[in-house]
Amino acid sequence: NTPPSPQPPVHIKELDYVINRFRTLKTAVLNKGRQVVTKDKQIALLSSDRNDGFWERDSGTHNEYFDKHAHHLLGFPQGTLNKGQRTLLSLIHPDDIELFSQIIDDGPHNNNRPFQTECRIKSFRGEWLWVKFTCRHSNSGFNNKAGCISATLRDITERYIAEQQRRLLTAVFESSKEPVIVFDLDLKILAVNTALTQLTNYNEEFLKDCNLATIFSEHHDFEFFRKLKNTLKRSNKWEGEIRFSHTDNPDDVVIFWLSIHSVGTPVGCNKPSFIGSLSDVIQRKKIEDELRYLATYDSLTGLPNRRLYEDRIQHALSLSKRYNQVFAVMFIDLDRFKHINDTLGHSIGDQLLIQVSQRFQDVLRKSDTLARLGGDEFILLLEKVQSKESVAKIAAILNSQLTSPFKILGNEINASASIGISVYPDDGLTIETLLKNADVAMYASKSKGTNGFLFYQSIMNERAGERLVLENDLHKAIDNNELFLVYQPKVDLATGIITGAEVLLRWKHPEMGVISPMQFIPIAEETGLIVSIGEWVLKKVCQKMIAWQHRSLPQIPLALNVSVKQFQEAGFSTRVCKIIQQSGIDPSLIELELTESVLMDTGDKAIETLHELKNLGLSLSIDDFGTGYSSLQYLSKFPIDFLKIDRSFVLGVGTEGKSVTIIRAILAMAKGLDLKVIAEGIEYEPQARLLKEFECDYGQGYYFSHPLREQHLIHFIEKQYASRLSSDLPSL
Ligand code: C2E
Ligand code: MG
Ligand code: MG
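What you see is a predicted model; the values in this text were computed from it and never measured.

### Details of the nonpolar core
By size, the foremost hydrophobic cluster in this structure holds 83 residues, and its most contacted members are Leu474, Leu558, Phe567, Ile590, Leu613 and Leu643. Once residues lying within four places of it in the same chain are set aside, the contact partners of Leu643 are Ile622, Phe625, Leu635, Ile666, Met669, Ala670, Leu675, Lys676, Val677 and Ile678. If you look at the next biggest cluster of nonpolar residues, it comprises 33 residues, including Leu303, Leu344, Ile408 and Ile421.

Shown next, in the form of structure tokens:
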């Protein structure tokens, strides 16, 4: 029997347990201590500022750790970033994530080499902070296995914004076209922009060693800069002229306006600084003068414009009120200027305006203000006027200034003007009324005939009102069946036989009676109504022709007048074609009368339209020929059949040698171009005889017949047919 081995006493077991427990605890404490040391070491490796935040990510587990400074920096309550799944990437601005990840991945995987990056991080309060990361890859992390990436975080938001602003200001400073210079209170130059280096021809390095006084010493002495400095000390700003000579040409002095302002004491400086900008005084003055001139003078004629005129008339009004003086306002409008512009071109129109304004100025006093309001409208202000007679005299002189022709680029141009006059105080007490009444008088003068003047009378305003009434009523004229046609026969001058008729439009106004086309066609053109009126005329003519056919009446060609506005309307020829084809009439029985301006106005487009009309089978003639400055050669470009010599030349036959010369020239030229010629406005037998002698083809005018109503025309034709049958032809 072996004796039982002695059992260790219970207290020793407990002691073992305690010892083991102690060992475990000791290891744990040691490990913990090692870990803290490692992290502190890591932080110390990355940053010298212990207030920087610290972040670490285990490359194996992807666990992240933010220390208390990182929490503080980002505004998170302590510990919250380490709980849950919060990752650094989830806080980075979406625009920065890609770059950040790339830099982290590409950063050197070597313990000793930290690298840096900056990006925006969302704080707990939702603000974007600019944070600078100093990062490092290391082989040991929490678990010492897969390694980790650690970084310190520093809030650089303020610095970042300041940097951005500095960059912006530098860009503004650099890009300024005006030379800018920054200096301190000793006038030592701190910075200059490119404009200043270009101006002085000194480079930036040289200038930075200079004093303000050295650059400008050639024209300014010590005393000048002493005073400048004192002013800056006292009021922080200075302004004045400063002179400078370019190094390459000392005689060439440039005068600048230097404006200096304080910019405070910049960081790193112990003295206040100033910024001075130089502007070119002469250049600025020149530009100012130019702008002032452009704003008040007409660039074409050099005359005052409406603005300056209004200033002057305002001044005249106040003087006249105070001293009981009389002044006159004249509206001057060139006659047929649009026509000249359209037919001869704008550059000739411009030259004409310049020459007209010169001729006017030649006879005016210095104290009179002649202004151009635009287009062909001039206005004249005559101050301290003695009597209406003296004003009338000046108006007559202005009219006579235009009587001799203008010679412009080989063209001889006859111009005339219509003048309307209002006088203060009789015709108005305000500028507005005086101008309006002079305008009304001008229109009245124009409607009386060209090249004249009229003083304003109160009755004129009633006439202007009448025109408005006409305009309103014309809109309803077609629907109310107030328009009708008359027909003026055209005869063969050799035989006296009727060969056709011109269709002329009339308007029977319910109150005013029959109104002449001379009065309402311009209104129809201005309002655009001419297009529908023109179509109405063509449709009516087609209807008449068909009706005459049904009655087996003799068919004669009918000529219709077409105004420029109508002709230029898009789709004109298409509409004409449609109307004629729908009616079923023979197109060769229709002739269109166009004016010269139709041809000159639209160039190639006009030729195209004319060909379209010609291809339809219509005949084309040029009405009022000789008034539109067309050259004869020009005509050969157009598919024209007839020329209608203007009434004014026929009127001069027998009284004016010039008219006969012109008619003979037109006839000779027309023959050369194979065109038939019609003379319009033949009122007397001698005119008819002479034109027949000159071998003009056709004639039209009161001598043969006034414009006739439909029934009278039919009667006229039938009578002639009957007399032809009895061989009793009327002879000239
Ligand atoms: P126009 O085409 O030159 O027409 C000739 C004008 O001279 C007509 O005036 C006619 O009555 C007038 N006349 C004819 N023979 C003589 C004469 O021996 N002596 C004088 N002093 N005058 C004569 P009306 O009918 O007053 O027409 C004036 C203008 O109105 C026409 O000039 C034409 O340009 C335009 N016009 C007339 N009807 C129409 C139309 O339907 N459409 C367009 N667009 N214009 C038209
Ligand atoms: Mg005509
Ligand atoms: Mg005519």
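Now that the structure has been shown, we can carry on.
### Digging into the sheet that holds strand β5 (residues 148–155)
Across the sheet, which stays open at both edges, the five strands sit in the order β2-β1-β5-β4-β3 with antiparallel pairing between neighbours. For this open sheet the edge positions go to β2 (64–66) and β3 (115–122), each flanked by a neighbour on one side alone. Ignoring strand direction, the axes of neighbouring strands in this sheet form an average angle of 25 degrees. In this sheet, β2 lies alongside strand β1 (residues 53–58) in antiparallel orientation, the contact comprising three bridges. Note that in β2 the partner of Trp55 across the bridge is Phe66.

### Overview of the site of ligand 1
The full set close to ligand 1 counts 24 residues, and Asn561, Asp623, Arg647, Glu683 and Tyr702 are the nearest of them. Between ligand 1 and the protein, one listed contact pairs an oxygen atom with a side-chain N or O atom of Asp623 at 2.7 Å. Separating an oxygen atom of ligand 1 from a backbone N or O atom of Tyr702 is a distance of 2.9 Å. In isolation ligand 1 has 790 Å² of accessible area, and contact with the protein removes 85% of it. Within the residue set of the shell around ligand 1, elements represented by two or more residues are β19 (498–509), α16 (517–527) and β23 (619–625). No other element matches β19, which puts four residues into the shell around ligand 1. Grouping the amino acids of the shell around ligand 1 by side-chain chemistry returns nine nonpolar, seven polar and eight charged.

### Some words on unusual backbone geometry
For the bond from Tyr424 to Pro425, the omega torsion is 5 degrees, close enough to zero to count as cis. Residue placement: Pro425 occurs in the loop between β16 (417–424) and α14 (431–448). The backbone phi angle of Asn324 is positive, close to 55 degrees, even though this residue is not glycine. Relative to the helices and strands, Asn324 resides in the loop between α10 (306–323) and β11 (327–334). Among the residues examined, Asn324 registers a relative accessible area of 71% and is labelled exposed.

### As for the packing of aromatic side chains
Pairs of aromatic rings are described using the distance from one ring centre to the other and the angle between the two planes. Counted by the stated rule, this structure contains 16 aromatic pairs. Aromatic pair Phe216 and Phe244: ring centres 5.9 Å apart, planes at 75 degrees, arrangement edge-to-face. With Phe216 in the loop between α7 (212–215) and α8 (222–235) and Phe244 in strand β8 (residues 237–246), this pair connects stretches of sequence that are 28 residues apart. Of the two residues examined, Phe216 and Phe244, each falls in the buried class. Here the aromatic residues Phe224, Phe225 and Trp238 are joined through ring pairs into a cluster of three or more.

### Remarks on the pairing of strand β13 (residues 377–382)
Here β13 lies mainly inside the structure; five of its six residues are buried. Sheet analysis places β11 next to β13, joined by six bridges and oriented antiparallel. Each residue of the ladder has a partner; that of Ile332, found in β13, is Phe378. Sheet topology note: the strand β12 (residues 369–374)/β13 ladder contains five bridges and is antiparallel. Counterpart to Gly374 in the pairing with β13 is Glu377. The turn linking β12 back onto β13 is made up of two residues, and Gly375 within it adopts a positive phi angle of 55 degrees.

### Some words on the coordination of the magnesium ion (ligand 2)
In this structure, Glu502 (OE), Asn561 (OD1), Glu593 (OE) and Asp623 (OD) serve as the protein donors to the magnesium ion (ligand 2), at separations of 2.0 to 2.2 Å. Counting along the primary sequence, the residues that act as donors to the magnesium ion (ligand 2) give the motif E-x58-N-x31-E-x29-D. In this structure, the magnesium ion (ligand 2) lies 3.9 Å from the magnesium ion (ligand 3), and both are coordinated by Asp623. One end of the pair, Glu502, is in strand β19; the other, Asp623, is in strand β23, and 121 residues separate them in sequence. Across this residue pair, the class does not change: Glu502 and Asp623 are buried.

### Overview of the confidence of the model for the chain
In the predicted model, the chain carries a mean pLDDT of 85, and the fraction of residues at 70 or more is 88%. Predicted confidence is poor over residues 727–732, with pLDDT under 50, and the contacts of this stretch with residues over four places away or in other chains come to 12 contacts.

### Description of the sheet that holds β11
Think of a sheet as strands paired side by side through backbone hydrogen bonds, with each pair either parallel or antiparallel. Across the sheet, five strands lie side by side as β12-β13-β11-β16-β17; this open sheet has mixed pairing. The strands lining the two open edges of the sheet, one partner per strand, are β12 and β17 (452–455). Across this sheet, the average inter-strand angle for adjacent strands is 20 degrees, counted without regard to direction. The pairing of β11 with β16 spans eight bridges and is antiparallel. What sits directly across from Ile332, in β16, is Ile419. Sitting on the sheet, helix α12 (residues 346–362) is in contact with β11, β12 and β13, with an inclination near 160 degrees to β12. Against the sheet, α14 engages β11, β13, β16 and β17, with an angle of about 145 degrees to β16.

### Quick notes on α10
Turn by turn, an α-helix covers 3.6 residues, leaving residues three or four places apart pointing in a common direction. A rise of 1.5 Å per residue sets the reference length of α10, with its 18 residues, at 26 Å; its end C-alpha atoms lie 25 Å apart and thus fit the reference within 8%. Every buried residue of α10 is accounted for by Leu308, Tyr309, Ile313, Ala316, Leu317 and Ser320. Capping the start of α10, Asn305 holds a side-chain oxygen 3.1 Å from the backbone nitrogen of Arg307, two or three residues further along. At the C-terminal side of α10, Asn324 shows a positive phi close to 55 degrees.

About the cut-offs
- Residues numbered from 1 in each chain as written.
- Chains lettered and ligands numbered in written order.
- Predicted model: local features only at pLDDT ≥ 70, side-chain atom pairs only at ≥ 80, totals over all residues.
- Heavy atoms only, no water.
- Core = buried A, V, L, I, M, F, W, Y, C linked by side-chain atoms within 4.5 Å.
- Buried < 20%, exposed > 50% of the residue type's maximum accessible area, 1.4 Å probe, protein only.
- Contact = heavy atoms within 4.5 Å.
- Pairing = 2+ DSSP bridges.
- Helix = DSSP H or I, 4+ residues; strand = E, 2+ residues; numbered from the N terminus.
- Axes fitted to C-alpha atoms, helices over the stretch in contact; angles between N-to-C directions.
- Near = heavy atom within 4 Å.
- Polar contact = N/O pair within 3.5 Å; in protein donor to acceptor, adjacent residues only side chain to side chain.
- Areas by Shrake-Rupley, 256 points an atom, 1.4 Å probe, with all protein chains shown as cover.
- Nonpolar A, V, L, I, M, F, W, Y, C, P; charged D, E, K, R; others polar.
- Phe/Tyr/Trp six-rings, centres within 6.5 Å; stacked < 30°, edge-to-face > 60°.
- Donors = N, O, S within 2.8 Å, 3.2 Å for Na, K, Ca; no water.
- pLDDT = per-residue confidence, 0-100.
- Expected span 1.5 Å × (residues − 1).

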